Amino acid sequence: MAEDNEELPMDEEAPPAEDNLDPLETGSPAERSGHVAVTDGQCMFVWGGYKNAQVRGFYDFYLPRDEIWIYNMETGRWTKHRTSGDVPPSMSGSCAVCMDRVLYLFGGHHAHGNTNKVTNHLLGVNLVAFLLTFPYFPCLDRLVFFGGYGYYPEGEQIGTFEFDETSFWNSGLPRGWNDHVHVLDTETYTWSQPVTTGKSPSPRAAHACATVGNRGYVFGGRYRESRMNDLYYLNLEKWEWHEIITQGACPLGRSWHSLTPVSSDHLFLFGGFTTDKQPLSDAWIYCISKNEWIQFEHNYSEKPRHPGSLRGGYK
């Protein structure tokens, strides 16, 4: 497995596909880390990431950028499709969401750094690549992005940016953590920054977000060498932050976990990566009305999940 901050060679340009949705093959995707997996109706879409294997002298390599795997949850079958158009570079650490039959892909790390290119690719849904890896809240015709790890932002920003001193060697482009809130209008493809009130979460990356009603929840993530287990929500109408102090047992601090709304009153937390750099396989349910975490017993406790040594060095 590659060390943190090691960069892989950029993939060669992908040949254009003749038919966007003609399946290339069935089977199942290659094992991978740092990919995106999002659902839309009965289908799950998997794109990107990297694989641990020795190729051209490297022990990790990015998965092809010109393919997307689709899993039909009713038939239990995988199908691989070729993408075309202005395809994003091969990346890991991206985040994605499906909204109104559009798949939005938000940046990540590729062989030459973090992307800030906006592209649009038709695949029955659209693929759009944006700036950098921030988890998001899907919210009607807006996508709300919070925090992240990346380059010092250009122009005036609302919020805090803290440099990562260990990144100063990186070709004059040091990086760091932030607590910024950005909003993308999916009708006009324009960005804005709301002025938030209340106690905001500290700068962080590799956290997880989930939306329930008019609240965008944030759990955990990495800030410097710590993986946190704090819980906040942002009122998406008033743009007001609230810290949630839960009762009883609570999950360990972690990064690169998932947080999924499973009802109007419950969030499901799974996996991640601890401060001690150990992968996790535990699952928790957060009950909003009772303000408590309940550990969820499952059959995969011996199969911990985390994204591995992600490009960009912010596990």
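If you're wondering where the values come from, they're calculated on a predicted model, not measured in any experiment.

With that settled, the discussion passes to the sheet that holds strand S25 (residues 266-273). Overall, antiparallel pairing links the four strands, which are arranged S24-S25-S26-S27 in an open sheet. Both outer strands of the open sheet, strand S24 (258-263) and strand S27 (292-296), are each paired with one neighbouring strand and no more. The average undirected angle you get between the axes of adjacent strands in this sheet is 25°. Sheet topology note: the S25/strand S26 (residues 279-287) ladder contains seven bridges and is antiparallel. Bridging from a neighbouring strand, Phe-273 pairs with Pro-279 of S26.

Time to look at the environment of Ile-294. With respect to the helices, strands and loops of the structure, Ile-294 is situated in strand S27. Excluding its chain neighbours within four sequence positions, the residues that come into contact with Ile-294 are Ala-283, Trp-284 and Ile-285.

Before going further, it helps to spend a moment on the sheet that holds strand S22 (residues 226-235). Here five strands make up an open sheet; going across it, the order is S19-S23-S22-S21-S20 and the pairing mixed. For this open sheet the edge positions go to strand S19 (197-198) and strand S20 (208-212), each flanked by a neighbour on one side alone. Direction of pairing for S19 relative to strand S23 (residues 240-244): parallel, over a ladder of two bridges. Bridging across to S23, Thr-197 finds its partner in Glu-240.

With the rule as written, the count across this model stands at nine salt bridges. Residues Arg-82 and Asp-66 are paired through a salt bridge, measuring 2.5 Å at the closest nitrogen-oxygen approach. With Arg-82 in strand S7 (residues 77-82) and Asp-66 in the loop between strand S5 (58-62) and strand S6 (67-72), the pair connects residues that are 16 residues apart, well separated along the chain. The class for Arg-82 is partly exposed, based on a relative accessible area of 25%. A relative accessible area of 7% means that Asp-66 is categorised as buried. Residue Glu-165 is joined to Arg-224 by a salt bridge in which the shortest nitrogen-to-oxygen separation is 2.8 Å. Of this pair, Glu-165 sits in the loop between strand S16 (161-163) and strand S17 (175-185) while Arg-224 sits in the loop between strand S21 (215-223) and S22; the two residues are 59 residues apart in sequence, bridging distant segments of the chain.

Of note, Pro-89 is situated in the loop between S7 and strand S8 (95-99). Between the C-alpha atom of Pro-89 and that of Gly-108, which follows or precedes it by 19 residues, the distance is 9.6 Å.

Within the fold, Arg-204 resides in the loop between S19 and S20. A relative accessible area of 0% places Arg-204 in the buried class. Of note is the side chain of Arg-204, whose polar atom sits 3.0 Å from the backbone oxygen of Ser-202. Excluding residues that lie within four positions of it along the chain, Arg-204 makes contacts with Phe-146, Gly-147, Gly-148, Trp-177, Asn-178, Val-218, Gly-220, Arg-222, Met-228, Asp-230 and Tyr-232.

Conventions used here
- Residues numbered from 1 in each chain as written.
- Predicted model: local features only at pLDDT ≥ 70, side-chain atom pairs only at ≥ 80, totals over all residues.
- Heavy atoms only, no water.
- Pairing = 2+ DSSP bridges.
- Helix = DSSP H or I, 4+ residues; strand = E, 2+ residues; numbered from the N terminus.
- Axes fitted to C-alpha atoms, helices over the stretch in contact; angles between N-to-C directions.
- Contact = heavy atoms within 4.5 Å.
- Salt bridge = Lys/Arg side-chain N within 4 Å of Asp/Glu carboxyl O.
- Buried < 20%, exposed > 50% of the residue type's maximum accessible area, 1.4 Å probe, protein only.
- Polar contact = N/O pair within 3.5 Å; in protein donor to acceptor, adjacent residues only side chain to side chain.

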